[in-house]
Amino acid sequence: MQNIVVTTSPVEAKQLEATYRVVRRSIDARQRDIKVNLTLLADDEGRYIPIDAPLPRYNEPHFKQVSTESPVVHIIGAGPAGLFAALNLLEHGIKPIIFERGKQVSERKRDIALLNRNEVFNPESNYCFGEGGAGTFSDGKLFSRSKKRGNMQRVMELFHHFGAADNVLYEAHAHIGSDKLPRIIQNMRECILAHGGEIHFEFRVESLEFRDPCPTILAIGHSAHDTYRMLAATGVAMEAKGFALGVRAEHPQALINKLFYHNQPQSVVNLLGNASYSLVTQVNGRGVYSFCMCPGGHIVPAGSDVDGCVVNGMSASHRNSPFANSGMVVELHPTGSAIEALDYQEYIEHLAKQHGGPNAQAPAQRMKDFVEGRCSASLPDCSYLPGLVSSRLDEWLPDPIGSSLRQGFRDFDRKYKGFLTNDAVVVGVESRSSSPIRIVRNTATMQSVSHEWLYPCGEGAGYAGGITSSALDGINAALKIAERYGKLL
Ligand SMILES: Cc1cc2nc3c(=O)[nH]c(=O)nc-3n(C[C@H](O)[C@H](O)[C@H](O)COP(=O)(O)OP(=O)(O)OC[C@H]3O[C@@H](n4cnc5c(N)ncnc54)[C@H](O)[C@@H]3O)c2cc1C
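The structure presented is a predicted model; accordingly, all values stated were derived computationally and were not measured.

Engineer: How would you summarise the overall build of the protein if you had to cite specific residues and measurements?
Structural biologist: Counting its regular elements, the protein contains 13 helices and 21 strands. For 489 residues, the compact-globule formula gives about 23 Å, and the C-alpha radius of gyration of the protein, at 23 Å, lands near that figure. Taking the principal axes of its C-alpha atoms as reference, the protein extends roughly 65 × 60 × 40 Å. Across the 489 residues of the protein, 58% fall into the buried class. Here the contacts in the protein between residues at least 6 apart in sequence split such that 75% fall between residues at least 24 apart. Total accessible area on the protein is roughly 20,300 Å²; 50% of this is exposed by carbon and sulfur atoms.

Structure, rendered in structure tokens:
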């Protein structure tokens, strides 16, 4: 097998995509004559692989029955890291017992609907907490920037095994979509239970005692601030790490299509799909960049704390809402302790809550008003269901966040004239794009440097970011434990 890159017109690209297996697709829209770069899968003789050819074969996972097995492994958190760790333990004949503070995915869906209608916010069942973790109602963009961490293909194979579409097996940047992920997560749970693993929902771990040696995989994600504080009080070694904070910006998708596709007619947009972007600039030596851009997406309330307001973005598999949103964040390099970094993140989230509404309404300002320091007398239509409250983000977002974002938007507008517009809105705050904390572990063994039976992993440990790298980190932690017990296959 080989990959062949073809640069072609939107029309021909559409035909190729409908006929052959495409590994990667990128749009070169630097000129008005837009080109599509397709990486096609081909056999050794260079013949493209038809889309309906038999799928690449992979080793189907073989999960063992572990109900009576000992020793067992405790896993805190049922996000991608915790679930993939559990699945890997099952493959090695080790019993996983998962503790998850949130609810099962179907009940969680109901809580999220209440949150979006501004009726009830459940601090234990929301976009961050519950079965599948932050990954369940996420965008489901499956890729990791790091190729060094291990067997990424295995993560894709497991997603496929549990119901993801065939393209996850060969596409470099597959997108599952928040409408499809819950079913896949549910299939994983059913498998874990059927093979004798345990999952305890609505079970928040509030303290840790290490009396009898029992490996504990700590896969808590980066939103469990109370758990971070408990770990710090227990003496678990942690340190502050660089993270990013800012706002979510939303434009009408038609405007983004116009800017990034040079006013092409709708017929060409239909061939290309809604435009997306990835923007980066430097302001006073500090990175300002777009993060997790969601074409045809929605802004969602992604906080886990009643006193804070946090937003994030996602899209359903068809990416067909009339809005385009993206995190716009500023790099921060904390110099104090881990808990001080957490305090700062919370301080900004609480500020956003004070300037938002009584429920999940988020503070917002038109983008140009934000940059030029004016109150927005009205706000544009927005995908954020709980609603927006007009607020002077330009006044209360502290520096360097506010000033860097203002300069960042000016820079982006220089490159894409019209990006900085009052048809766009900035919504506060995008504060959970990455963890401000690293739970320090031994690189070789993945054990906490302070607690040898503790295996911090996933996004909350500060060693992964995103669904696939967190899942992979969970698998790697499970492999270390299997090795410790002499159970490696
Ligand atoms: C709206 C949104 C969109 C996103 N879009 C994408 C995307 O398109 N692509 C991508 O790669 N990533 C995306 N992400 C990020 C991605 O979801 C996370 O990187 C990933 O889920 C991290 O996995 P994890 O298992 O480390 O942690 P999490 O998914 O955060 O899971 C941690 C779990 O631990 C549980 N927990 C925490 N504390 C305790 C405790 N004390 N006791 C018991 N249980 C506890 C939590 O309830 C949670 O279920 C998105 C996130 C959000 C919020």
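Next comes the rest of the description.
Engineer: Outline the packing of helix H2 (residues 80–91) against helix H13 (residues 467–484), listing residues and values.
Structural biologist: Axis separation between H2 and H13 bottoms out at 7 Å; the angle between their running directions is 40°. In terms of orientation, H2 and H13 fall into the oblique class. Note on packing geometry: the crossing formed by H2 with H13 is right-handed. When H2 is examined against H13, the residues Pro80, Ala81, Phe84, Ala85, Asn88 and Leu89 are found in contact with a partner set consisting of Ile467, Ser470, Ala471, Gly474, Ile475, Ala478, Leu479 and Ile481. Here the residues of the contact of H2 with H13 sort into 11 nonpolar, 3 polar and no charged.

Engineer: Explain the sheet that holds strand E21 (residues 454–456) to me, using residue names and the numbers behind them.
Structural biologist: Spatial strand order, E8-E5-E4-E9-E21: 5 strands in an open sheet with parallel pairing. In this open sheet, the two edge strands, each paired with only one partner strand, are strand E8 (198–200) and E21. Taking each pair of neighbouring strands and ignoring which way they run, the sheet shows an average axis angle of 20°. Across 3 bridges, the pairing between strand E9 (residues 216–218) and E21 is parallel. Bridged to Ile217 within E21 is Tyr455. Contacting strand E4 (72–76), strand E5 (95–99) and E9, H2 crosses the sheet at an angle of about 160° to E5. Packed on one face of the sheet, H13 meets E4, E9 and E21 and runs near 155° to E21.

Engineer: Let's hear about helix H9 (residues 338–355): which residues, and what values?
Structural biologist: The first and last C-alpha atoms of H9 sit 26 Å apart over 18 residues, in line with the 26 Å expected at 1.5 Å per residue. All of the buried residues along H9 are Ala338, Ala341, Leu342, Gln345, Glu346, Ile348, Glu349, Leu351, Ala352 and Lys353.

Engineer: Help me get a handle on the pattern of salt bridges, residues and values and all.
Structural biologist: Pairing between side chains of opposite charge can happen when their charged atoms approach one another. For the coordinates displayed, the defined rule picks out 29 salt bridges. With its nearest N and O atoms 2.3 Å apart, the salt bridge here joins Glu206 to Arg204. Here Asp369 ties to Arg374 by a salt bridge, and the two come within 3.0 Å at their closest N and O atoms. The buried category is assigned to Asp369, whose relative accessible area is 5%. Taking relative accessible area as the criterion, Arg374 reaches 37% and is therefore assigned partly exposed. Put simply, Arg101, Glu124, Arg204, Glu206 and Asp226 are held in one network by salt bridges that share partners.

Engineer: Could you give me a rundown of the nonpolar core, with the residues and numbers involved?
Structural biologist: Counting residues in hydrophobic clusters, the biggest one holds 68 residues, and the most contacted among them are Met328, Leu397, Leu405, Phe409 and Phe419. Filtering out sequence-adjacent residues up to four positions away, Met328 remains in contact with Gly246, Val247, Ala249, Tyr277, Leu279, Tyr289, Ser290, Leu405, Phe409, Phe412 and Phe419. In terms of nonpolar packing, the next biggest core, distinct from the first, is built from 47 residues, Ala81, Leu83, Met156 and Leu472 among them.

Engineer: So, helix H4 (residues 152–161): which residues are in play, and what are the values?
Structural biologist: Because an α-helix completes one turn every 3.6 residues, residues spaced three or four positions apart along the sequence face the same direction. Of all 10 residues in H4, 8 are buried; the element is thus mostly enclosed. Of all the positions in H4, only Met152, Arg154, Val155, Met156, Glu157, Leu158, Phe159 and His160 are classed as buried. One or two steps after H4, the chain reaches Gly163, where phi turns positive at roughly 120°.

Engineer: I'd like a description of the sheet that holds strand E3 (residues 35–42), backed by residues and values.
Structural biologist: Across a sheet, paired strands are connected by hydrogen bonds in the backbone, their directions being either parallel or antiparallel. In space, the 3 strands of this open sheet follow the order E1-E3-E2, with antiparallel pairing throughout. Each of the sheet's edge strands pairs with one partner strand only, and the pair in question is strand E1 (2–8) and strand E2 (22–28). Sheet twist, expressed as the average angle between the axes of neighbouring strands with direction ignored, equals 15°. As paired elements, E1 and E3 share 7 bridges and run antiparallel to each other. Bridge assignment links Thr7 to a residue of E3, and that residue is Asn37.

Engineer: Describe the side chain of Arg432, listing the residues and the values that go with them.
Structural biologist: By secondary structure assignment, the location of Arg432 is in the loop between strand E19 (425–430) and strand E20 (437–439). For Arg432, the side chain forms a polar contact with the side chain of Ser304, separated by 3.1 Å. A distance of 2.8 Å separates a polar atom in the side chain of Arg432 from a polar atom in the side chain of Glu349. In this view, Arg432 contacts Cys128, His222, Ser223, His225, Ala302, Ser304, Val310, Gln345 and Glu349; residues no more than four positions away in its chain are not counted.

Conventions adopted
Residues numbered from 1 in each chain as written. Predicted model: local features only at pLDDT ≥ 70, side-chain atom pairs only at ≥ 80, totals over all residues. Heavy atoms only, no water. Helix = DSSP H or I, 4+ residues; strand = E, 2+ residues; numbered from the N terminus. Rg over C-alpha atoms; globule rule 2.2 N^0.38 Å. Buried < 20%, exposed > 50% of the residue type's maximum accessible area, 1.4 Å probe, protein only. Contact = heavy atoms within 4.5 Å. Areas by Shrake-Rupley, 256 points an atom, 1.4 Å probe, with all protein chains shown as cover. Axes fitted to C-alpha atoms, helices over the stretch in contact; angles between N-to-C directions. Parallel < 35°, antiparallel > 145°, perpendicular 65-115°, else oblique. Left-handed = near helix turned anticlockwise from the far one by under 90°. Nonpolar A, V, L, I, M, F, W, Y, C, P; charged D, E, K, R; others polar. Pairing = 2+ DSSP bridges. Expected span 1.5 Å × (residues − 1). Salt bridge = Lys/Arg side-chain N within 4 Å of Asp/Glu carboxyl O. Core = buried A, V, L, I, M, F, W, Y, C linked by side-chain atoms within 4.5 Å. Polar contact = N/O pair within 3.5 Å; in protein donor to acceptor, adjacent residues only side chain to side chain.

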